[in-house]
Amino acid sequence: MSVACAFDMLPRVLHAHWPLRHGWENLFACLDRIFWKRVYVNGAYYEFPIETVRAGLDMLDADPATELPVKIAKRKRGSR
């Protein structure tokens, strides 16, 4: 699911690109309204809380090599 992947990547993108970091909460609000807060055709609805991104940024500030929790499942090689 690409929306979950984008959510998982956001803390790393913000950490790596400092100009985006300034006022990132406004960027999050825009992405949340347009991209993440929706009901999909199969009726699925997912939660993408800003607190998760904030916690990820804090973890990356403390240790840039840290492994962040992910919302999407990791695929195994060869699986579809």
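Just so we're clear, the structure is a prediction, and the values are computed from it rather than from any experiment. Throughout, residues of each chain are indexed from 1 in the direction in which the sequence is written. In keeping with the predicted nature of the model, local features appear solely for residues at pLDDT of at least 70, side-chain atom pairs appear and are counted solely at 80 or more, and the whole-chain, interface and lining totals rest on all residues. Side-chain figures throughout are based on the complete set of non-hydrogen atoms in the structure, without hydrogens or water.

### Here's the deal with the nonpolar core
Side chains of nonpolar character tend, in soluble globular proteins, to be buried together.
Part 1 of the reasoning: Side-chain atoms within 4.5 Å are what join buried Ala, Val, Leu, Ile, Met, Phe, Trp, Tyr and Cys residues into a set we call a nonpolar core. Any residue under 20% of the maximum accessible area for its type is buried, any over 50% is exposed, and the rest in between are partly exposed; the area is computed with a 1.4 Å probe on protein chains only. By size, the foremost hydrophobic cluster in this structure holds twelve residues: Val3, Ala4, Phe7, Leu10, Leu14, Trp24, Phe28, Trp36, Tyr40, Phe48, Val53 and Leu57.
Part 2 of the reasoning: Secondary structure is summarised from DSSP: a helix means a run of H or I of at least four residues, a strand means a run of E of at least two, and numbering begins at the N terminus for each. Mapped by element, the contributors of at least two residues to this core are helix H1 (2-16), helix H3 (24-36) and helix H4 (50-62).
Part 3 of the reasoning: Sort the elements by how many residues they give to this core and H1 lands first, with five residues.
Part 4 of the reasoning: Whether two residues are in contact is decided by their heavy atoms: any pair within 4.5 Å suffices. Excluding residues within four positions of it along the chain, Leu10 makes contact with Phe28, Leu31, Trp36 and Val53.

### Let's talk about the layout of surface pockets
Part 1 of the reasoning: The rule is simple: put a 1 Å grid over the protein atoms alone, call a set of points where a 1.4 Å probe fits but cannot get out a cavity, call an open set with protein on both sides within 12 Å along at least five of seven lines a pocket, and count a residue as lining if it has an atom within 4 Å of a point. Grid points are joined across faces, edges and corners, and a volume is the space filled by probe spheres set on the points. If you add up the space inside the largest pocket, you get close to 300 Å³.
Part 2 of the reasoning: Every residue lining the largest pocket is counted, 17 residues in all, and those nearest its centre are Asp8, Leu68, Pro69, Val70 and Lys71.
Part 3 of the reasoning: Mapped by element, the contributors of at least two residues to the lining of the largest pocket are H1 and H4.

### Focus on H3
Part 1 of the reasoning: In a helix, the anticipated span is given by 1.5 Å times the number of residues less one. Counted at 1.5 Å a residue, the expected span for H3 with its 13 residues is 18 Å, but the 16 Å between its end C-alpha atoms falls short.
Part 2 of the reasoning: The set of residues buried in H3 consists of Trp24, Phe28, Asp32 and Trp36. For H3, the angular spread of the buried residues around the axis is 85 degrees, confining them to a single face. Those residues of H3 that are exposed and aimed more than 90 degrees away from the buried face are Asn26, Arg33 and Ile34. For this quantity, the arc is that covered by the directions from the helix axis to the C-beta atoms.

Limitation: the analysis is restricted to geometry and does not speak to function.
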